[in-house]
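# Working through the structure, step by step
Each chain, written out:
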Amino acid sequence: MSLSSPEAVFRTRRRKTCERCGEQIPPGKLQTALVPDSSRVDPADFAGHGQRLVYACGDEHMDQLVEKARRDWVDEQWWFGLLCQASRSARQASLPELARQARLSDRQLNAALQWNAAADRPLRSLPGGQSC
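Counting of residues starts from 1 at the beginning of each chain's written sequence and follows it residue by residue. Only residues with pLDDT of at least 70 are given local features in this predicted model, and only at 80 or more are side-chain atom pairs given and counted; all residues enter the totals for whole chains, interfaces and linings. With hydrogens and water stripped out, all remaining heavy atoms of the structure feed into the side-chain values.

## Overview of the pattern of salt bridges
The criterion, for reference: Criterion for a salt bridge: a side-chain nitrogen of Lys or Arg within 4 Å of a carboxyl oxygen of Asp or Glu. Helix numbering and strand numbering both begin at the N terminus, where a helix is a DSSP run of H or I of at least 4 residues and a strand a DSSP run of E of at least 2. Only protein chains enter the area calculation, which uses a 1.4 Å probe; residues under 20% of their type maximum are buried, those over 50% are exposed, and those in between are partly exposed.
Considering all chains together, one arrives at three salt bridges under this definition. Arg-52 serves as the salt-bridge partner of Asp-37, at 3.1 Å between the closest nitrogen and oxygen. With Asp-37 in the loop between strand 1 (31-36) and strand 2 (51-56) and Arg-52 in strand 2, this pair connects stretches of sequence that are 15 residues apart. Look at Asp-37 and you get buried, because its relative accessible area is 14%. Ionic pairing is found between Lys-68 and Asp-72, a salt bridge with its closest N-O pair at 2.5 Å. Residue Lys-68 and its partner Asp-72 are both found in helix 1 (residues 59-72); the two are separated by four residues, about one turn of the helix. With relative accessibility at 41%, the residue Asp-72 sits in the partly exposed group.

Okay, structure coming up:
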């Protein structure tokens, strides 16, 4: 089948939806922004640490998404994510050693562990096998 063939099927990109209202964003109206996200710790993409990309259909919805992301940031969740990431590469390390590797203070380590313990589904052990 060639491109000039009547059977050629061209796929169009799927339009993004606004993360505030859920409506498809019309061409030319797409707005994107990186917003803070304390749940986002990505070992493969350090540039994406603590942030995620959001889509909006206009200024008002983008402002609301950015403000909500700022309000929803939880330091303890972020610290726990950093601790989990450090444990993946240091399976034999103790919690204080992991905290140092993740550049967490003793206070941050304790707060992160308390945050996990209070979560709806707390981890019983870190990805590296260390007990929480």
